[in-house]
Amino acid sequence: MATETNVPQPDESLGEINKYDFQTQTDAVFKAEKGLNADIVNQISSMKEEPQWMRDFRLRSLEIFESKPMPSWGGEIGLDFQDIYYYLKPTNEQGRSWDDVPDEIKETFEKLGIPQAEREYLSGVKAQFESEVIYGSLKEDLAKQGVLFTDTDTAIKEHPELIEEYFATIIPPEDNKFAALNSAVWSGGSFIYVPPGVKIEFPLQAYFRINAENMGQFERTLIIVDEGAEVHYVEGCTAPMYSSESLHSAVVEIVCKKGSRCRYTTIQNWANNIYNLVTKRAMAYRDATMEWVDGNLGSQLTMKYPAVYMMEPGARGEILSIAFSGKGQHQDAGAKLVHAAPHTTGQIISKSISKNGGRSSYRGLVRVEKGAHGSRSNVVCDALILDEESRSDTYPYIEIAEQNVSVGHEASVSRIGEEQLFYLTSRGLTEAEASTMIVNGFIEPLVKELPMEYAVELNRLIQLQMEGSVG
Amino acid sequence: MTHQLKIENLHVAVAGKPILQGVNLSMNQGEIHALMGPNGSGKSTLGMAIMGHPTYEVTDGSISLDDQDLLAMKPDERARQGIFMAFQRPVAIPGVKMADFLRHATTNVRNPERKEGEELIPMADFRRELKDRMGQLQMELEFARRYVNDGFSGGEMKRAEILQLAMLQPRFAVLDETDSGLDADAVRLASESIAAIGGDSMGLLIITHHDKLLVHNPPDFTHVMLGGQIVETGGPELARELHSDGYQRIRQAYPDADAENQTMVADDTPVGASGE
């Protein structure tokens, strides 16, 4: 059954036009009915030819989803769960090489402006187009080292023992309503396993985007970094705009075993009508380090709080988060650090920018559990507000159940200074160029942590967001 | 052609409070003018008004560059017409590297018609030129990688301002106490630097309390400001006199302006990046 999607007309009520708004015609192979019930969940599981345990897991998760109330905090969620497609499989087969990738999908990459050379440089690109990973290539040497990098659906068939051992152990469906929803209808996402002692020198990357009207995207990512291993995973999204509401609700689970190191970098630029409700959590064991680098642009509402649970002594969690809210956008982003063992250390750096009436909130939790003595955590939140209409809030939660720990929190809110603007314009920069430069300077601590091509893209996105913002 | 900056009957107010009360001053490119006067007399205000700081409201009079009305231009347009001000207390721009900022600024000033988003001057050419200029000013190359004025010492800020002057090569520049906060060696270096980077081809308006800057850059004219007006204009000997004898003679000769100056100082609330 093939459907055609038409190029949508931007809805003027959504405000600024997202420059990455375009839609490629897609020949969808299978599209589930709109709505959510046990039949749909069964249908998804059948389409994927899943084992019985996964089908049971999905059905149980659906019940949990239905029994849980909506979150009472964060932002307004105006979603009709029965008016969403929960599954869409775009092509019959996984592309094996670049030549096998359908032209219309290449065109989408073209419009995203990812140069060919860069695509080839990306050693392990996996692009999730609609609900399935359609293109992926993994360097041979990685495979030789025993690294597994595939989409999660494939992993269930090819690596059932790892999936059964870890899947939903970090984020069970009972965790929250949207984790339950994802558990019921999940599709796609990345699965990575790095064997003991293997250090992957270059970042593994995935580009994906939502590209069908009313299409929820519920990818499910699981990363297992075995003892002494290291990996940096990068995902980036740019989404086209739709005239009706869209939902993105991902779950990302990470296990960092003894002495391992994992960094997970995300740059997201959702269309202005998308609800981006994501649960991300990592468990770090003895002397392991987990780092989240999280950049959020676009969307109508983002609620995302990457978490690190430090389970054994010496574990370290770092979260670097950045949010940019424009007109009609609410970024409720933050971080969560749980010190569950002695001598664990954590750091949160959060930066937010609000303009044209956008709203950014930092919501963060630092919890030191009983017995986690000698633990240290530090939180720094900086907010930059570009105009009078915009807003920034900070909701820091700190729970300490142990003596002899150190937890610091500092927050600052500033407006783009007239003096800074004057200084730069007095040197010949236009006001728009000066504002962009100040904003780019503000997020520099995050940008310098990114791989080069992502740094370039983030700067480009910020520039698009900033254009015409001063007048 | 020789360009001319002409200020006529300039009145400037800050937050509704009059500061400049009818300033007249004409400068030709290639001339050095010293602007002296006691604290609070309005020297920095004149510089800010020339550069177009939004807090400094021009209530009457005109500033023109040749036959162009500077007051109708935004600060960036003035910069692209060759106007520059070295600030007394420049602001920090965290996260923005000196080199990136300077490359952007230099591109815009050299290509006044450049549209936003068009190419910057080639990186290799820019680097070479920046390196040369920094060598001339005896600055460490590491300086270019630091964030603009962020964590700079007083002396570093002043040198960074001179570096910008050197790169942008304006037609007219106001140097607002570019020698203050520097030790004797640094003042000598700054003074020599201004001459070395082609200061003699610019029109310079040097605001200073010291004579060292003027020894290396001897003024063609010295203006004395008091109570928001230029009360006396002379040659280099006037600068020397004021430096050795102070403003006693001036205050006595212009009692009305002196009274006005006392009032302005008494009311003074700090305004802007370099307000006095």
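Within any chain, residue numbers begin from 1 and follow the written order of that chain's sequence. Working convention: letters from A go to chains and numbers from 1 go to ligands, in the order in which they are written. It should be noted that, the model being predicted, local features are given only for residues of pLDDT at least 70 and side-chain atom pairs only at 80 or more, the latter also being counted only at that level, while totals for whole chains, interfaces and linings use all residues.

### Focus on the overall build of chain B
This is how the line gets drawn: Put simply, DSSP H or I for four residues or longer makes a helix, DSSP E for two residues or longer makes a strand, and each gets a number counted from the N terminus. In this setup the radius of gyration rests on C-alpha atoms only. A globule is expected at 2.2 Å times the number of residues raised to 0.38. Between the buried cut of 20 or more and the exposed cut of 12 or fewer other C-beta atoms within 10 Å of a residue's own C-beta lies the partly exposed class, and all C-beta atoms are placed from the backbone. By definition, residues are in contact whenever their C-beta atoms, placed on the basis of the backbone, come within 7 Å of each other.
Within chain B one finds 10 helices and 12 strands. Here the C-alpha atoms of chain B give a radius of gyration of 18 Å, agreeing with the 19 Å that 2.2 N^0.38 yields for 276 residues. Overall size of chain B, expressed as C-alpha extent along the three principal axes, is 60 × 40 × 40 Å. Taken across its 276 residues, chain B has 47% of its residues classed as buried. By sequence separation, contacts in chain B at least 24 residues apart represent 73% of the contacts at least 6 residues apart.

### Concerning the interface of chain B and chain A
At the interface, 26 residues of chain B touch 21 residues of chain A. Of all the secondary-structure elements, those providing two or more residues to the side of chain B that touches chain A are α2 (75-80), β7 (93-97), α3 (98-110) and α5 (154-168) of chain B. With 5 residues, the single largest contributor to the side of chain B that touches chain A is α3(B).

### Things to note about the environment of M73(B)
Residues and elements named next belong to chain B. In this structure, M73 sits in the loop between β5 (68-69) and α2. Sequence spacing of M73 and M51 is 22 residues, and the spatial spacing of their C-alpha atoms is 9.5 Å. Excluding residues within four positions of it along the chain, M73 makes contact with G52, R78 and Q81.

### Things to note about unusual backbone geometry
Most peptide bonds adopt trans geometry, and most residues besides glycine take a negative phi value. At E49(A), a position not held by glycine, the phi torsion is positive, near 50°. By the secondary structure assignment, E49(A) is in the loop between α1 (38-47) and α2 (52-67).

### Side note on the sheet that holds strand β9 (residues 172-176) of chain B
All names here are of chain B. For clarity, the threshold we go by: Pairing between strands is defined by DSSP: at least two bridges between them are needed. In this analysis, axes come from line fits to C-alpha atoms, helices being fitted only over the stretch in contact, and the angle between any two N-to-C directions falls in the range 0 to 180 degrees.
Pairing within the open sheet is mixed, and its 6 strands lie in the order β6-β9-β10-β3-β11-β12. One side of each edge strand has no neighbouring strand; the edge strands of this open sheet are β6 (83-86) and β12 (229-234). Strand-to-strand twist of the sheet, defined as the mean angle between neighbouring strand axes without regard to direction, takes the value 20°. Summarising the sheet, strand β3 (residues 32-36) and strand β11 (residues 221-226) pair through 4 bridges and their orientation is parallel. Bridging from a neighbouring strand, A34 pairs with T222 of β11. Running over the sheet, α5 touches β6 and β9 and is turned about 165° from β6.

### What about α5(B)?
The periodicity of an α-helix, 3.6 residues per turn, causes residues three or four positions apart to be oriented the same way. All names here are of chain B. How we decide: A helix is expected to span 1.5 Å for every residue after the first.
For α5, spanning 15 residues, the distance from its first C-alpha to its last is 21 Å, which sits close to the expected 21 Å at 1.5 Å a residue. Within α5, 12 of the 15 residues are buried, which leaves it mostly tucked inside the rest of the structure. Of all the positions in α5, only M157, K158, R159, A160, E161, I162, L163, Q164, L165, A166, M167 and L168 are classed as buried. Buried residues along α5 sit in contact with β6, α3, α4 (123-136), β9 and α6 (184-196).

### A closer look at the sheet that holds β5(B)
Ordered in space as β2-β1-β4-β5 (chain B), the 4 strands form an open sheet in which the pairing is antiparallel. Either end of the sheet is taken by a strand with one partner, and the two such strands are β2 (17-28) and β5 of chain B.

### Side note on the confidence of the model for chain B
Residues and elements named next belong to chain B. Applied cut-off: The score called pLDDT rates the predictor's confidence residue by residue, from a low of 0 to a high of 100.
Per-residue confidence for chain B gives a mean pLDDT of 90; residues scoring 70 or more make up 96%. When the criterion is pLDDT under 50, residues 271-276 qualifies, and its contacts beyond four places in sequence or with other chains add up to 25 contacts. Scored as a complex, the prediction yields pTM 0.74 and ipTM 0.95.

### Topic: the nonpolar core
The following threshold applies: By our criterion, buried Ala, Val, Leu, Ile, Met, Phe, Trp, Tyr and Cys residues that link up through C-beta atoms within 7 Å make up a nonpolar core.
Grouped together as the largest cluster of nonpolar side chains are 190 residues, with contacts concentrated most on I254(A), C256(A), A284(A), A173(B) and I206(B). Of the residues forming this core, the biggest block, 8 residues, is contributed by α5(B). Contacts of I254(A), omitting those with residues within four sequence positions, involve I170(A), I223(A), C262(A), Y264(A), A282(A) and M290(A).

### Concerning the packing of α2(A) against helix α8 (residues 177-185) of chain A
Residues and elements named next belong to chain A. Put simply, the test is: Note on terminology: angles under 35 degrees are roughly parallel, angles over 145 are roughly antiparallel, angles of 65 to 115 are roughly perpendicular, and the others are oblique. Crossing handedness is defined as follows: a turn of the near helix away from the far one that is anticlockwise and smaller than a right angle gives a left-handed crossing, while the clockwise case is right-handed. In this classification, Asp, Glu, Lys and Arg are treated as charged, Ala, Val, Leu, Ile, Met, Phe, Trp, Tyr, Cys and Pro as nonpolar, and every other residue, Gly included, as polar.
For the pair α2 and α8, the least separation of the axes is 7 Å and the interaxial angle reads 150°. One element, α2, and the other, α8, form an angle in the roughly antiparallel class. Crossing geometry of α2 relative to α8 is assigned as left-handed. The segment α2 lies against α8, with F57, R58, S61, L62, I64 and F65 engaging K177, A180, L181, S183 and A184. Among the residues forming the contact of α2 with α8, the class breakdown is 7 nonpolar, 2 polar and 2 charged.

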